[in-house]
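In case you want the letters, here they are:
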Amino acid sequence: MDIPGRVDNTIASIEDEPMLELTPALTQKRRSQGRIIFDRFIRNKAALVGLAALILLFLFCFLGPFVTGHSRPDVLHPTDAALAPSWQYPFGTDDVGRDQFARAMAGGQVSLLVGLISMLVALIFGIGIGSIAGYFGGIIDNILMRLTDIMLSVPYLLLLFVLSASFSDGSPRTVILLIALLGWATTSRLVRGEFIALKQREFVLAARTIGAGDFRLMFRHILPNAAGPIIVNATLLIGINIISESVLSYFNFGLHPPSASWGNMVSGGQALYDTAPWLVFAPALLIFVTVLSCNLVGDGLRDALDPHMTER
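Note that the structure is predicted; figures quoted are calculated from it, not measured.

1. So, the environment of Gln33
In step 1: Mapped onto the elements, Gln33 comes out in helix α3 (residues 33–42).
In step 2: With 272 residues separating them in the primary sequence, Gln33 and Leu305 have C-alpha atoms 9.6 Å apart.

2. Things to note about the environment of Ser261
In step 1: By the element assignment, Ser261 lies in the loop between α13 (227–250) and α14 (262–270).
In step 2: What makes Ser261 buried here is its relative accessible area of 0%.
In step 3: Note: C-alpha distance between Ser261 and Ser249 (12 residues apart in sequence) is 7.3 Å.
In step 4: Residues within four places of Ser261 in sequence aside, it is in contact with Gly107, Val110, Ser111, Glu245, Ser249 and Leu255.

3. Quick look at the nonpolar core
In step 1: The biggest cluster of nonpolar side chains holds 47 residues, and the ones touching the most others in it are Phe195 and Ile230.
In step 2: With 11 residues, the single largest contributor to this core is helix α6 (residues 100–136).
In step 3: Leaving out residues up to four positions away in the same chain, Phe195 has contacts with Ser131, Gly134, Tyr135, Met218, Ile222 and Leu223.
In step 4: By size, the runner-up hydrophobic cluster in this structure holds 11 residues, among which are Val110, Leu160, Ile179 and Leu255.

4. Side note on helix α10 (residues 185–198)
In step 1: Taking 1.5 Å per residue, 14 residues should reach 20 Å; α10 reaches 20 Å between its end C-alpha atoms and fits that length.
In step 2: Every buried residue belonging to α10 is among Ala185, Thr187, Ser188, Val191, Phe195 and Leu198, and all of these are buried. Projection of α10 onto a plane perpendicular to its axis shows the buried side chains occupying an angular sector of 155°, all on one side.

5. Observations concerning unusual backbone geometry
In step 1: Here Ala82, not a glycine, exhibits a phi torsion of approximately 55°, which is positive.
In step 2: Within the element layout of this structure, Ala82 appears in the loop between α5 (64–68) and α6.
In step 3: Judged by its relative accessible area of 45%, Ala82 falls in the partly exposed class.
In step 4: The residue Asn252 is not glycine, and still its phi comes out positive at about 65°.

6. Side note on the packing of aromatic side chains
In step 1: Across all of its chains, the model carries 9 aromatic pairs by this definition.
In step 2: What links up through ring pairs into an aromatic cluster is the set Phe161, Tyr250, Phe251 and Phe253.

7. Structural notes on the pattern of salt bridges
In step 1: Under the criterion given, the structure shown has 9 salt bridges.
In step 2: With a closest N to O distance of 2.9 Å, Asp149 and Arg146 form a salt bridge. Linking Asp149 with Arg146, this pair stays in helix α7 (residues 138–153), spanning 3 residues, or about one helical turn.
In step 3: Judged by its relative accessible area of 29%, Asp149 is partly exposed.
In step 4: Taking the relative accessible area as the measure of exposure, Arg146 reaches 42% and is therefore partly exposed.
In step 5: Between Asp169 and Arg173 there is a salt bridge, and its shortest N-O distance comes to 3.9 Å.
In step 6: Among the charged side chains, a network of salt bridges with common partners joins Arg146, Asp149 and Arg189.

8. A few points about the confidence of the model for the protein
In step 1: Per-residue pLDDT for the protein has a mean of 84; in total, 88% of the residues score no lower than 70.
In step 2: The least confident element of the protein, judged by mean pLDDT, is helix α1 (residues 3–16) at 48; the most confident is helix α4 (residues 45–62) at 94.
In step 3: pLDDT under 50 marks residues 10–20. Its contacts with residues more than four places away, or in other chains, come to 0 contacts.

9. Examining the packing of α4 against helix α15 (residues 278–305)
Two measures define how a pair of helices packs: the angle their axes make with one another and the distance between the axes.
In step 1: It is at 8 Å that the axes of α4 and α15 come closest, and there the two elements cross at 135°. In terms of axis orientation, α4 runs oblique to α15. The two elements α4 and α15 cross, and the hand of that crossing is left-handed. Within the contact between the two elements, α4 uses Ala46, Ala47, Gly50, Leu51, Ala53, Leu54, Leu57 and Phe60 and α15 uses Leu286, Val289, Thr290, Ser293, Cys294, Leu296, Val297 and Gly300.
In step 2: Taken together, the residues of the contact of α4 with α15 break down into 12 nonpolar, 4 polar and no charged.

Cut-offs and rules
Within each chain, residues carry numbers counting from 1 in the order of the written sequence. Owing to the predicted nature of the model, reporting of local features is limited to residues with pLDDT of at least 70; listing and counting of side-chain atom pairs is limited to 80 or more, with chain, interface and lining totals taken over all residues. Note: side-chain values were computed over all heavy atoms of the structure, leaving out hydrogens and water. Numbering of helices and strands runs from the N terminus, with a helix taken as a DSSP run of H or I at least four residues long and a strand as a DSSP run of E at least two residues long. Buried means the residue's accessible area, taken with a 1.4 Å probe over protein chains only, is under 20% of the maximum for its type, while exposed means over 50%, and partly exposed covers the values in between. Two residues qualify as a contact provided that any one of their heavy atoms is within 4.5 Å of a heavy atom in the partner residue. Nine residue types can take part in a nonpolar core, namely buried Ala, Val, Leu, Ile, Met, Phe, Trp, Tyr and Cys, and a core is a set of them joined through side-chain atoms within 4.5 Å. In this scheme, a helix's expected span is set at 1.5 Å multiplied by one less than its residue total. Arc definition: directions from the helix axis to the C-beta atoms. The criterion for an aromatic pair is that two Phe, Tyr or Trp rings (for Trp, the six-membered ring) have centres within 6.5 Å, with stacked assigned to planes under 30 degrees apart, edge-to-face to planes over 60 apart and tilted to the rest. Here a salt bridge means any side-chain nitrogen of Lys or Arg lying within 4 Å of a carboxyl oxygen belonging to Asp or Glu. Residue-level confidence of the predictor is what pLDDT reports, using numbers from 0 through 100. To get an axis, fit a line to the C-alpha atoms, keeping to the stretch in contact for a helix; angles then go from 0 to 180 degrees between the N-to-C directions. Relative orientations are named as follows: roughly parallel for angles under 35 degrees, roughly antiparallel for angles over 145 degrees, roughly perpendicular for angles from 65 to 115 degrees, and oblique for any other angle. Crossing handedness: left-handed means the near helix sits turned counterclockwise from the far one by under a right angle, and right-handed means the same turn made clockwise. Charged means Asp, Glu, Lys or Arg here, nonpolar means Ala, Val, Leu, Ile, Met, Phe, Trp, Tyr, Cys or Pro, and polar covers whatever is left, Gly included.

Structure follows, in structure tokens:
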């Protein structure tokens, strides 16, 4: 049996075959997971509209005062009190002559920063508690989840009102801290569920076999694989925090005048609604657009990061 000769002939025939061309189908298969997620997200038109709206809102709030010259939100102009929207005052003025366009930009800075920073702080608390509970289980899981259940069982806004009336000094710092300290529970339960589902997967067992410690397994191997749901929850949490801050300020439990936020702008304009409805509509519309955009981006990320919906 001339087996070596046959092998040589087979190798020669394989080498003589032309190389496969990179067809569009093959190129599609060679895309990285990150590129697949990005392509899927940009095909979601609603998510792109939400992302564009958020970018414009950030530019409006943080660059608008320098570009437009409306950078003095607390200056009183008694002779210009209760003016309708015009070229000089695009959002009109209130009953003491304050420029509502400038106040909308200054209030947007506060509302957006409260939403973002509260989300980050709540995310740190939620990931820390949820990951420890889900990974270690047992009595640690029981203690941490009963604490989480207590936080979820108390009416969120009611507790926020009580704590704000007792401890808040009306500054953005205390509002951020209160919202963050009460907003971590849902993130904690989400992270716990992801850790319970992932900690018995093969890649975790393989890492444990080669000597990886608990914290390396938790934050190097499991947490990155749970990033998708956490990112989606973070985008939705921004909108929830902005609404919470607006509700607090509307009822005078959050930021106190003369500090501007969209919530206390709506509250201040409500008394003049019959004669100057624009004082309510402008900040309320900004709140609506911001929260809706966060939800659209969150839905787009959820679809893009879902392994059952993402093409391979």
